[in-house]
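Structural features, examined
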Amino acid sequence: MNAPLRVAIVHYHLKRGGVTRVVESTLNGFESLDSAPQCVVLAGEITDDFSFKDCARSIEGLHYSNAQATTPDSRFLLEQMRAAAREVLGGEPDVWHIHNHSLGKNSAMPGIVAELAESSEAVLLHMHDFAEDGRPDNFRLNQERLQRAPCLYPNTANVHYGVINARDFSLFSQTGLDEERIHLLANPVEAQETPDQQDSRPILNALGAKRLLLYPVRAVRRKNFGEMLLWAALADEGDVFASTLGPTNQNYTTSYEQWQTFALKYNLPVHFGIGESRDWSFEAIMHAADTILSTSIAEGFGLAFLEPWLFGKSIAGRDLPAITSDFKANGLTLSGLYESIPIPIDWIDLQALEDSLHSGLTAAYETYKRTQPANAVQRALDAIMPTADTVDFGGLNETLQQQVIERVIEDNEARKQLPRLEFKDSEHVIRSNAKIIQTEYNLRKYAANLALLYRSIQPENGETTPYIDPSEILDGFLKPERFRLLRT
């Protein structure tokens, strides 16, 4: 019988969030395997609520560079990581599983990956987010702070890449990476235990709702809260909309508070942050909802499109084909989603929209130190126009969105020109989707596939380590057609 594989899982911190959830799920899944890897988790900060503290070690200097006084040299930090890994594993790691190494959050991390790659060690680079994707400040920091800026994406047999959607798989495959070293690691989705007979009336009564449309997200601009308010302005009597969490990033506080003020001004049936302001569990709130809403204009994996079905709830809202195509290919029915909300173009101050696109594109291209295409504004505008005489609501900024909502509030004829939100799928669809998710995205399957992937990554002795040109990754993301004002 083979000895357990020794694996070092690396992230900057273990605070509550998407990556931490994936790390915990991974370790939970390994516990169900007959031959599980032996793991250590290395992070700059370990919180009290992390579930696997016995195998976790805090490494000074591994946190975000802007969250610590100094970030050590890559080689020094790597030696600290090796020492902590040996303490837990009893030997050197066979595989290094590193999350978001190129995000621009820690100036030493790309150098650490380069050291591991050039030392011929087995490495899995797990890519959730990208500095090249709407994070120009992070990209700039990569370029300015890295000791070896071009050495960001190793292209050698001992380094594999894990991506979370087909879009990113395609992007990496176009760089010349061997597709056998690019792996689609769709996040596991764990089954939910929600009592069927739980009484939802206290929550519905407290919110004044006959029917609750729940948007279970933390408030950031790309979640497109204005679209939730548009649907609230168009809603039937008794329909109430609610979000669960306010922002933690101060950059999003102003926008969030403006939407709260706007909803109050027009007496819209919307409640903000009920997961924080009320003494209700997340499970109870989900159970009380009639339908789950999603109006986000950009996602990474897209858990929001999967998790509701495991609560026995359908989902309505904005489709993101670059993300949901994976789910549809596995058989999911997502009939409540739409790709745009076409707003008559004569409702919009088109010059103001073009000016905003111009300033936003100029800032993005300047920060990325790229030359903006001469027709960038027109390309960006065309991408948010479903037809020649309409513009997608999700392509507008908050000011223009508010003007649209005010129009439909004040003009009954205007209301009739907009589509209706499809609220509910049949019980058959809900059960069918839940079964597909439990089959295709279950935790045990994820863990078993990941354990096999670890064993497939072989150390390689090579004289040189080639690297992907990082500009190729940027080219895949930095396109006027992908630009949205709510992502600035």
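Here, the structure is the one placed above.
Our subject in this report is the structure included herewith. Just so we're clear, the structure is a prediction, and the values are computed from it rather than from any experiment.

**A look at the sheet that holds strand β10 (residues 239-245)**
Read across the open sheet, the six strands follow the order β11-β10-β9-β12-β13-β14; overall the sheet is parallel. The strands lining the two open edges of the sheet, one partner per strand, are β11 (270-271) and β14 (337-338). Of the strand pairs in this sheet, β10 and β11 are connected by two bridges, and their pairing is parallel. Its bridge partner being in β11, phenylalanine 241 is matched across the sheet by valine 270.

**Remarks on the pairing of strand β4 (residues 95-99)**
For β4, a buried count of five out of five residues is recorded, marking the element as mostly surrounded by other parts of the structure. Of the two faces of β4, the one lined by Val95, His97 and His99 and the one lined by Trp96 and Ile98 are each fully buried. In terms of strand pairing, strand β1 (residues 6-10) meets β4 through four bridges, oriented parallel. Bridged to alanine 8 within β4 is tryptophan 96. For the crossover from β4 across helix α3 (residues 109-118) to strand β5 (residues 122-127), the handedness is right-handed.

**Description of the pattern of salt bridges**
Where charged atoms from two side chains of opposite charge come close, those side chains can pair. This model, assessed by the stated rule, comprises 27 salt bridges. Its salt-bridge partner being glutamate 115, residue arginine 75 comes within 2.6 Å of it at the nearest N-O pair. Taken together, the residues arginine 75 in helix α2 (residues 74-89) and glutamate 115 in helix α3 connect sequence positions 40 residues apart. Under the relative-accessibility criterion, arginine 75 is labelled exposed at 56%. The shortest N-O distance in the salt bridge between arginine 379 and glutamate 481 comes to 2.7 Å. Of this pair, arginine 379 sits in helix α14 (residues 376-383) while glutamate 481 sits in the segment after α19 (470-477), placing them 102 residues apart in sequence. Relative accessible area serves as the criterion here: at 26%, arginine 379 is assigned to the partly exposed category.

**Considerations on the nonpolar core**
Among the nonpolar cores identified, the biggest contains 67 residues, and Leu27, Leu42, Trp96 and Phe172 are the most heavily contacted of them. For this core, the element with the most residues is α2, which contributes seven residues. Beyond its immediate sequence surroundings of up to four residues, phenylalanine 172 is in contact with Met127, Phe130, Tyr153, Tyr161, Val163, Leu177, Ile182 and Ile473. Counting residues in each nonpolar core, the second largest holds 55 residues, with Ala233, Leu234, Trp259 and Leu381 among its members.

**Notes on the state of the cysteines**
Evaluation of the coordinates by the stated rule reveals zero disulfides. In this model cysteine 55 remains outside any disulfide bridge; the closest cysteine sulfur is found in cysteine 39, 6.9 Å from its own.

**Overview of the packing of aromatic side chains**
Under the criterion given, the structure shown has 19 aromatic pairs. Taking the centre distance of 5.7 Å and the plane angle of 40 degrees together, the rings of tyrosine 215 and phenylalanine 225 count as tilted. Residue tyrosine 215 is located in strand β9 (residues 211-218), and its partner phenylalanine 225 is located in helix α7 (residues 225-233); the two are separated by ten residues in the primary sequence. Residue classification places tyrosine 215 among the buried residues on the basis of a relative accessible area of 1%. Ring geometry for phenylalanine 262 versus tyrosine 266: centroids 4.9 Å apart, planes at 50 degrees, classification tilted. The class of phenylalanine 262 is buried, set by a relative accessible area of 5%. Grouping aromatic residues by their ring pairs yields a cluster made of Phe130, Tyr153, Tyr161, Phe172 and Phe477. Just above the ring of tyrosine 64 sits the side chain of lysine 105; from NZ or CZ to the centre is 4.8 Å.

Thresholds applied
Every chain is numbered on its own, with residues counted from 1 as its sequence reads. Side-chain atom pairs in this predicted model are given and counted only at pLDDT of 80 or more, local residue features only at pLDDT of at least 70, and totals for whole chains, interfaces and linings cover all residues. Each side-chain value is derived from all of the structure's non-hydrogen atoms; neither hydrogens nor water enter the calculation. What makes two strands pair is DSSP finding at least two bridges between them. Helical segments are the DSSP runs of H or I of at least four residues, strand segments are the runs of E of at least two, and each set is numbered from the N terminus. Burial classes follow relative accessibility: with a 1.4 Å probe on protein chains only, a residue under 20% of its type's maximum area counts as buried, one over 50% as exposed, and anything between as partly exposed. Handedness rule for crossovers: strands pointing away from the viewer, path from the first strand over the helix to the second running clockwise, crossover right-handed. Between Lys or Arg on one side and Asp or Glu on the other, a salt bridge is scored when a side-chain nitrogen of the former is within 4 Å of a carboxyl oxygen of the latter. Nine residue types can take part in a nonpolar core, namely buried Ala, Val, Leu, Ile, Met, Phe, Trp, Tyr and Cys, and a core is a set of them joined through side-chain atoms within 4.5 Å. Whether two residues are in contact is decided by their heavy atoms: any pair within 4.5 Å suffices. When two cysteine sulfur atoms lie within 2.5 Å, the pair is treated as a disulfide. Here is the rule: rings of Phe, Tyr and Trp (six-membered ring for Trp) pair when centre to centre is within 6.5 Å. Planes less than 30 degrees apart are stacked, more than 60 are edge-to-face, and the remainder are tilted. For a ring to carry a charge above it, either NZ of a lysine or CZ of an arginine must fall within 6 Å of the ring centroid while also lying within 35 degrees of the normal to the ring plane.

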